[in-house]
Amino acid sequence: MAEDYYKTLGVSRTASDSEIQKAYRDLARKYHPDKNPDDATAKKRFQEVQTAFETLKDEKKREMYDRYGSAYEQMGGGPGGGGNPFRGGGPNGGPEVNVNFEDLFGGGGGGNPFGGGGGGFADLFKQFGGGRGGAGQQRRTNVRGSDIEHELTVPFATAVTGGEAQISVRRADGNRETIQVKIPAGIEHGKKIRLRGQGDPGSAGGTAGDILIKINVAAHPVFRRNGKRLDLRVPITLAEAVGGAKIDVPTPHGTITLTVPPGTSSGQKLRAKGQGVKPASGEPGDLFAELHVIVPKGLSDEDRDFLLDLLGKYDESLRDDLKW
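Please read all numbers here as calculations on a predicted model, not as lab measurements. (Residues numbered from 1 in each chain as written. Predicted model: local features only at pLDDT ≥ 70, side-chain atom pairs only at ≥ 80, totals over all residues. Heavy atoms only, no water.)

Draft legend 1. Quick peek at helix H3 (residues 40-56). The terminal C-alpha atoms of H3 lie 25 Å apart, and with 17 residues this matches the ideal 24 Å at 1.5 Å per residue to within 8%. Taken together, the buried positions of H3 are occupied by Ala42, Phe46, Val49, Gln50, Thr51, Ala52, Phe53, Glu54, Thr55 and Leu56. Between a side-chain oxygen at the N-terminus of H3 and the backbone nitrogen of Thr41 the separation is 3.0 Å; the capping residue is Asp39. (Helix = DSSP H or I, 4+ residues; strand = E, 2+ residues; numbered from the N terminus. Expected span 1.5 Å × (residues − 1). Buried < 20%, exposed > 50% of the residue type's maximum accessible area, 1.4 Å probe, protein only. Polar contact = N/O pair within 3.5 Å; in protein donor to acceptor, adjacent residues only side chain to side chain.)

Pasting the structure below:
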């Protein structure tokens, strides 16, 4: 086995099952004999692609291939313990093609993108399955359905507290379906939700694929998030900063009351323990309210002069430590 199956499919050695299946589908469509009836090179390439896919889609075969490389077939990789696992269709050991067209082209009959009525592909592959002697039988294995990948943007509040959303997915047969999705509390931007068994159906007894939903979290106008921690900028009046006060602050879990100590300056933070993100499992995060003192607008000249005179008595050298 001189050929590199990963190179044949154009994928890396760390490729996922879905990446391998996608590469196989693209190449099978490109080199399919029905699409290239007079091209012997395309037919040969098609068989190489099929052989590579049959090995790499199977976890045990792929492990053997990765471990033994060119010695894979002699180390028990083939049926019966030895020899090429993709030989044996015909009396001369010709290649046995094992492909499912529902998985490649979304079903037979009128859905055939390269012409021909129902059964054309199956008949063609019965001929291939016979090998050189033409007496072999087609072998079908369980083919897992394709995964469907989707992106969903959810509101900031939904990502923090959880909720539900809807997505519309296109099936392999071209139909669209609306699916209800549960958003777990505390999910972070970029994480994925897996809906097992809700992807495209398998064929020849194979299981259905999954739906993989990448979550994008919309920004919030005032809250910011860092893991389970939430940060919020809270404006306070000059009077509240000087004299102290009780202020109401919103959180994802309801309004709470925080105490502003007398003499508070802008930038000081108040911590509300456990009022941050509360994930479905694990300890909740905290909320930090950063206070910003707002000078009142519309002061009269008399009031401004009074404040300047008053505050001037407490002038401090606040910028002595600012150095280059």
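Draft legend 2. The packing of aromatic side chains, seen in detail. Across all of its chains, the model carries three aromatic pairs by this definition. Seen from their ring centres, Tyr5 and Tyr65 are 4.8 Å apart, and the 10 degrees between their planes marks the pair as stacked. Placement of the pair is Tyr5 in helix H1 (residues 5-9) and Tyr65 in helix H4 (residues 59-68), with a sequence separation of 60 residues. The same class applies to Tyr5 and to Tyr65, which are both buried. The interplanar angle of 45 degrees and the centroid separation of 6.0 Å between the aromatic rings of Tyr6 and Tyr65 together place this pair among those described as tilted. Of this pair, Tyr6 sits in helix H1 while Tyr65 sits in helix H4, placing them 59 residues apart in sequence. Considered together, Tyr6 and Tyr65 belong to a single accessibility category, that of buried residues. Cluster of aromatic residues (ring-pair linked, three or more members): Tyr5, Tyr6 and Tyr65. (Phe/Tyr/Trp six-rings, centres within 6.5 Å; stacked < 30°, edge-to-face > 60°.)

Draft legend 3. Spatial organisation of the pairing of strand S11 (residues 287-294). Two elements, strand S7 (residues 229-237) and S11, share eight bridges in a ladder whose sense is parallel. Bridge pairing in S11 places Asp231 opposite Phe288. Summarising the sheet, strand S10 (residues 269-272) and S11 pair through four bridges and their orientation is antiparallel. Bridging across to S11, Ala272 finds its partner in Leu287. (Pairing = 2+ DSSP bridges.)

Draft legend 4. View of the sheet that holds strand S4 (residues 192-195). Ordered by their spatial adjacency, three strands build an open sheet running S1-S5-S4, and the pairing between neighbours is mixed. What marks the edges here is a single partner per strand, and that holds for strand S1 (148-154) and S4. Pairwise comparison of adjacent strand axes, ignoring direction, gives a mean angle of 25 degrees for this sheet. Relative to strand S5 (residues 211-217), S4 runs antiparallel, the two being bridged by four bridges. The residue bridging Lys192 from the neighbouring strand is Lys214, located in S5. (Axes fitted to C-alpha atoms, helices over the stretch in contact; angles between N-to-C directions.)

Draft legend 5. The packing of H3 against H4, seen in detail. Direction vectors running N to C along H3 and H4 enclose 105 degrees, while the axes themselves pass 6 Å from each other. The angle between the axes of H3 and H4 places the two elements in the roughly perpendicular class. In this structure, H3 uses Glu54, Thr55 and Leu56 to contact H4, whose residues at the interface are Lys61, Arg62 and Tyr65. (Parallel < 35°, antiparallel > 145°, perpendicular 65-115°, else oblique. Contact = heavy atoms within 4.5 Å.)

Draft legend 6. Structural view of the pattern of salt bridges. Within the structure shown, the criterion is met by 15 salt bridges. Here Arg304 ties to Asp301 by a salt bridge, and the two come within 3.2 Å at their closest N and O atoms. Taken together, the positions of Arg304 and Asp301, both in helix H9 (residues 301-312) and three residues apart, correspond to about one turn of that helix. Look at Arg304 and you get partly exposed, because its relative accessible area is 37%. Owing to a relative accessible area of 56%, Asp301 belongs among the exposed residues under this scheme. (Salt bridge = Lys/Arg side-chain N within 4 Å of Asp/Glu carboxyl O.)

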